[in-house]
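Okay, here's what each chain looks like letter by letter:
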Amino acid sequence: MSVSKVDLEQRADAAVIDELKQTLERQRQAFLKNPAPSYEDRIANLKRLQKMVLTHKDELTDAVCEDFGSRSRHETILAEIMTTVNNIKYTRKRLHKWMRPRKRHVDVTFQPAKAKVIYQPKGVVGIVSPWNYPVQLALVPLATALGAGNRAIIKPSEITPKTSEVMKRLIAETFSPEEVHVVTGGPDLGAEFSGLPWDHLFFTGSTQLGRLVMKAAAENLTPVTLELGGKSPLIVHKSYPVDRAAKRIVSGKYFNGGQTCVAPDYILVHESKVDSLVNAIRDEIHACYPTIADNRDYTAVVNERHYARLQSLLKDAQDKGATVVEINPANEKVDESTGKIPPTVLLNTNDDMSVMQDEIFGPLLPILPYDKLDEALDYVNQRPRPLALYYFDDDASRADMVLQNTVSGGACINETVMHVATDDLPFGGVGDSGLGAYHGYEGFETFSHKKAVLMKGRFNSANMLAPPYGPKIERIIKFMVG
């Protein structure tokens, strides 16, 4: 009797799921034996992770580039290797301070007493990482979790299988399975992973999948951090020079071929500046990407499914009246075999178009006109809260007004994307763009349990509040309450 390919895949998935459950239990038992890893142990783990990344940086970079078919090697080193190593170094430098108990105030009513908050590891952390930055978005959460004293299991994306396999092997060479482990598999494994009884579950991905992850985690009351996406707006004030804006727009939008969760998703610019901004963006793209098809600096769409998705967004916009401005400096034939879509500006879009409803995650860039700045802010505020907001204006008071009157996970003034690489800033979304934050001290807090501790000495004033109640308690209440 022959065994079908589907049967073999199901058996393989079942074996991986069984391995996952066993490893989770082994990590949990190991944590119970050592629930308070020392500062020295945590630093040692971070050093091992940093050495792993630096020693194998070329192998990791090669794997990412192979998964994408054509990905900028320099962008991979900047976004995957450098960002990860910098985050580990930042955590190592400040970890001792973060681990200290924090003193808290005790009201006179409960004196004499002392109060403090101590930071304890949560235990075993599950990390589900995405494909767009497959090294950084797996290893930075891992570094933060290790700094907080946890153990971890990572489920990387099946869309970047070469990178996932390299990370799996390197992690196995660097850590024991009781410390850190990597499991690889498809969506079925991801669904099973999310439903396990983690002490904390960390997920990076789409809003749609984030809802499913949170639902699965709720069965075990597992606390979650959801790093999602959404449509991050960019607003250019009428007074801001469009050529300066274009440099940062092109840098943030077309890094990694637009496949960045915080990439500008659409631009709002004063109606009098639309044409000049388009021209400035065109000039900047010509300078940065003089060719597209064979240009190693211009990253391809990750796979055929996402390529087809982006082409569908483009066709839908065209069919509904959008003006398509393809920027192809060398007038090349850039077909599907390259996996690349030239930088494309979309004008005259409307809310009926899918490109204005869904996160783009690619090199398509709608530009919308506005008359008054309040109209632009209203447009942003009437939509789901974005992961990032970008505002270009040299007037500091006006920029502050924009920050105060919009809600987003993070923001930049006269810049795009770079707040994510600023290690001392928390990174996370709000509403549809996410739940919770990491990076820096906020990341340490995310993966730590903040235990409230009240300490009493020999004399305990609370004994005076015990029954039987009478005139004495009445006098105390009158003194305390008034």
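A quick note: this is a predicted structure, and the numbers were derived from the prediction, not measured. Numbering of residues starts from 1 in every chain and runs along the sequence as written. Totals for whole chains, interfaces and linings use every residue, but because this is a predicted model, local features are given only for residues with pLDDT of at least 70 and side-chain atom pairs only at 80 or more, for both listing and counting. Note that the side-chain values use all heavy atoms of the structure and ignore hydrogens as well as water.

## Regarding the packing of aromatic side chains
And then number 1: Any Phe, Tyr or Trp ring, taking Trp's six-membered ring, that has another such ring centre within 6.5 Å forms a pair; planes under 30 degrees apart are called stacked, those over 60 apart edge-to-face, and the others tilted. Applying the stated criterion to the full structure yields 15 aromatic pairs.
And then number 2: Ring plane angle 50° and centroid distance 6.2 Å describe the contact between Phe 68 and Trp 131, whose orientation is recorded as tilted. Here Trp 131 lies in the loop between strand S3 (124-128) and helix H5 (136-147) and Phe 68 lies in helix H3 (residues 57-68), a separation of 63 residues in the sequence.
And then number 3: Relative accessibility decides the category of a residue: with a 1.4 Å probe and only protein chains considered, values under 20% of the type maximum give buried, values over 50% give exposed, and everything between is partly exposed. You can call Phe 68 buried: its relative accessible area is 3%.
And then number 4: Ring plane angle 40° and centroid distance 5.8 Å describe the contact between Trp 98 and Phe 444, whose orientation is recorded as tilted. In this pair, Trp 98 is assigned in helix H4 (residues 73-99) and Phe 444 in helix H14 (residues 440-446), connecting sequence segments 346 residues apart. By the burial criterion, Trp 98 is buried, and Phe 444 matches it.
And then number 5: Pairwise contacts between aromatic rings join Tyr 90, Trp 98, Tyr 119, Tyr 441 and Phe 444 into one cluster.
And then number 6: To sit over a ring, a charge needs its Lys NZ or Arg CZ within 6 Å of the ring centre and within 35 degrees of the ring normal. Just above the ring of Phe 68 sits the side chain of Arg 71; from NZ or CZ to the centre is 4.7 Å.
And then number 7: Its end group placed over the ring of Tyr 379, Arg 383 keeps NZ or CZ at 3.4 Å from the ring centre. Note on conventions: DSSP H or I runs of at least 4 residues are helices, E runs of at least 2 residues are strands, and numbering of each starts at the N terminus.

## Examining the sheet that holds strand S12 (residues 364-370)
And then number 1: Here 7 strands make up an open sheet; going across it, the order is S10-S11-S12-S9-S8-S13-S14 and the pairing mixed. Each edge of the sheet is formed by a strand with only one pairing partner; in this case those strands are strand S10 (323-326) and strand S14 (410-413). With direction set aside, neighbouring strand axes in the sheet form an average angle of 20°.
And then number 2: In this sheet, strand S9 (residues 266-270) lies alongside strand S8 (residues 233-236) in parallel orientation, the contact comprising 4 bridges. Each residue of the ladder has a partner; that of Leu 234, found in S9, is Ile 267. Strands qualify as paired when DSSP identifies two bridges or more between them. Think of each axis as a best-fit line through the C-alpha atoms, taken over the contacting stretch in the case of a helix, with angles from 0 to 180 degrees between the N-to-C directions.

## A closer look at empty space enclosed by the protein
And then number 1: Buriedness for pockets is judged along seven lines, at least five of which must meet protein on both sides within 12 Å for an open set on the 1 Å grid over protein atoms alone, while cavities are sets there where a 1.4 Å probe fits but cannot get out, and lining residues have an atom within 4 Å of a point. Grid points are joined across faces, edges and corners, and a volume is the space filled by probe spheres set on the points. A complete count under the given rule lists 1 cavity of 30 Å³ or more for this structure.
And then number 2: Roughly 50 Å³ of internal volume is contained in the largest cavity.
And then number 3: Every residue along the wall of the largest cavity is listed here: Gly 230, Ser 232, Lys 253, Gly 258, Thr 260, Cys 261, Ala 263, Pro 264, Asp 265, Glu 359 and Phe 361.
And then number 4: In the scheme used here, Gly and all other residues not listed as nonpolar or charged are polar, with Ala, Val, Leu, Ile, Met, Phe, Trp, Tyr, Cys and Pro taken as nonpolar and Asp, Glu, Lys and Arg as charged. Broken down by class, the residue content of the lining of the largest cavity amounts to 4 nonpolar, 4 polar and 3 charged.

By themselves these figures say nothing about function.
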